[in-house]
Amino acid sequence: MNYTQLFEQIKKKKSFLCVGLDSDIAKIPAHLQGAEDPVFEFNKAIVEATASVTVAYKPNIAFYESRGVEGWKTLEKTMNYIREHYPEVFTIADAKRGDIGNTSQMYAKAFLQALDFDSITVAPYMGEDSVTPFLQYEGKWVILLALTSNKGAFDFQFFEHEGQKLYEKVLKKSQEWGNEKNMMYVVGATKAEMLEGIRKIVPDHFLLVPGVGAQGGSLEEVARFGMNSRCGLLVNSSRGIIFADKTENFALRAGEEARKLQQDMERLLREGGVL
């Protein structure tokens, strides 16, 4: 999916919602636990309930690989289902990979070719040769970790040298490797006030913003500081949508929570002059 196609989806659905499929088998409703593949049945129901207002799905790979072979089968079935029924939806492998060049090539092949994700999250710590293998796939995206929403972000990401913070260095240096057509950045919603400065460095790139909902991030602040003339945002909500209810009504409640966010997003898109 290219930049224009993604933007068109945002306009069509009046939404920049990304739903995180952080599908912890221990947390899915009890009535699904007896199914042949409980997590797939859960994912399928969540996708069906939210696809009309969602522009991206983001499986967090840890919840699948932690289950070994069965988890990988679930992930593959989930991807095949989304591709078959909702091919217009952007898909993100939240894998946070990044290693020496030949290893990154294999990670890229696994997620961008074999599983056919549109994008993958990548850790930039090892530098250019660990990132560029992911950029070799036409029409695919790298989503580079820049400023994360966790407490530990302060351990390294704010380290300052010669007036420049480390996350700012990541934003500036990485533009030598990719551009706004094949690279996005992760910026946590709990750091929303810093989006204004980030936008000065990467005015045209899409930003993937986790942390809205269960982690306490403010959608209003994210839009205020981070939206550009073409939206330029994918805001993720995981637990606040997929685990809104643990009864047989879980999918219905997930759809309701997704639509609430979409309605707020539509208003913010109109206020921002995007629609």
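See above for the structure.
Residues numbered from 1 in each chain as written. Predicted model: local features only at pLDDT ≥ 70, side-chain atom pairs only at ≥ 80, totals over all residues. Heavy atoms only, no water.

Take a nonpolar patch on the surface next. Taken together, Ile100, Tyr125 and Met126 make up a surface patch of nonpolar side chains, about 380 Å² in accessible area. Tracing the backbone through its elements, the reader meets Ile100 in the loop between β3 (90–97) and α5 (101–114). On the basis of relative accessibility, which here comes to 44%, the residue Ile100 falls in the partly exposed class. (Patch = residues over 30% accessible without salt bridge, like charges linked within 9 Å, V, L, I, M, F, W, Y side chains within 5 Å. Areas by Shrake-Rupley, 256 points an atom, 1.4 Å probe, with all protein chains shown as cover. Salt bridge = Lys/Arg side-chain N within 4 Å of Asp/Glu carboxyl O. Helix = DSSP H or I, 4+ residues; strand = E, 2+ residues; numbered from the N terminus. Buried < 20%, exposed > 50% of the residue type's maximum accessible area, 1.4 Å probe, protein only.)

The next point concerns the sheet that holds strand β5 (residues 141–147). Pairing is parallel around the closed barrel formed by eight strands, whose spatial order is β1-β2-β3-β4-β5-β8-β9-β10. Adjacent strand axes in the sheet meet at a mean angle of 30 degrees when their direction is disregarded. Direction of pairing for strand β1 (residues 17–21) relative to strand β2 (residues 56–59): parallel, over a ladder of four bridges. For Leu21, the partnering residue across the bridge sits in β2 and is Pro59. Strands β1, β2 and β3 of the sheet are contacted by helix α4 (residues 68–85), whose axis makes an angle of about 155 degrees with β3. (Pairing = 2+ DSSP bridges. Axes fitted to C-alpha atoms, helices over the stretch in contact; angles between N-to-C directions. Contact = heavy atoms within 4.5 Å.)

The subject of this paragraph is the environment of Pro29. Tracing the chain through its elements places Pro29 in the loop between β1 and α2 (38–50). Measuring from C-alpha to C-alpha, the distance between Pro29 and Ala223 comes to 33 Å, with 194 residues separating the pair along the chain. Residues in contact with Pro29, not counting those within four places in the same chain, are Phe42, Lys246, Thr247 and Phe250.

Attention shifts here to the pairing of β1. On a regular strand, each side chain points to the face opposite its neighbour's, so the side chains alternate between the two faces of the sheet. Burial runs high along β1: five of the five residues are buried. Residues Leu17, Val19 and Leu21 point to one face of β1 and Cys18 and Gly20 to the other, with burial holding for every one of them. Of the strand pairs in this sheet, β1 and strand β10 (residues 233–237) are connected by three bridges, and their pairing is parallel. The residue bridging Cys18 from the neighbouring strand is Asn236, located in β10.

This next bit is on the nonpolar core. Nonpolar side chains in soluble globular proteins tend to be buried together. Phe16, Phe90, Phe117, Leu144, Leu207, Val222 and Leu234 are the most contacted members of the largest nonpolar core, which has 94 residues in total. Per-element accounting of this core gives the leading share, eight residues, to helix α12 (residues 250–271). Dropping the residues within four chain positions of it, Leu234 is found in contact with Leu6, Phe16, Val55, Phe90, Ile92, Met184, Phe206, Leu207, Leu208 and Val209. (Core = buried A, V, L, I, M, F, W, Y, C linked by side-chain atoms within 4.5 Å.)

This next bit is on the packing of α2 against α4. At a closest axis distance of 9 Å, the pairing of α2 and α4 adopts a crossing angle of 25 degrees. In terms of orientation, α2 and α4 fall into the roughly parallel class. For the crossing formed where α2 meets α4, the hand is right-handed. Contacts between α2 and α4 involve Val39, Phe40, Asn43, Lys44, Val47 and Glu48 on the former and, on the latter, Thr74, Lys77, Thr78, Tyr81 and Ile82. Partitioning the contact of α2 with α4 into residue classes produces five nonpolar, three polar and three charged. (Parallel < 35°, antiparallel > 145°, perpendicular 65-115°, else oblique. Left-handed = near helix turned anticlockwise from the far one by under 90°. Nonpolar A, V, L, I, M, F, W, Y, C, P; charged D, E, K, R; others polar.)

This part covers helix α8 (residues 166–174). Here α8 has its buried residues at Tyr167, Glu168, Val170, Leu171 and Ser174. One side of α8 carries all its buried residues, which in axial view fall inside an arc of 155 degrees. Contact partners of the buried residues in α8: β5, β7 (164–165), β8 (183–187) and α9 (195–201). (Arc of directions from axis to C-beta.)

Turning our eyes to something else, we now look at the packing of helix α10 (residues 219–226) against α12. Relative to each other, α10 and α12 sit at 30 degrees, their axes nearing to 11 Å. With respect to α12, the element α10 is oriented roughly parallel. Once α10 is placed against α12, the crossing between them reads as right-handed. Contact with α10, carried on its side by Leu219, Glu220 and Ala223, involves Leu261, Asp264, Met265, Arg267 and Leu268 of α12 and no other residues of that element.

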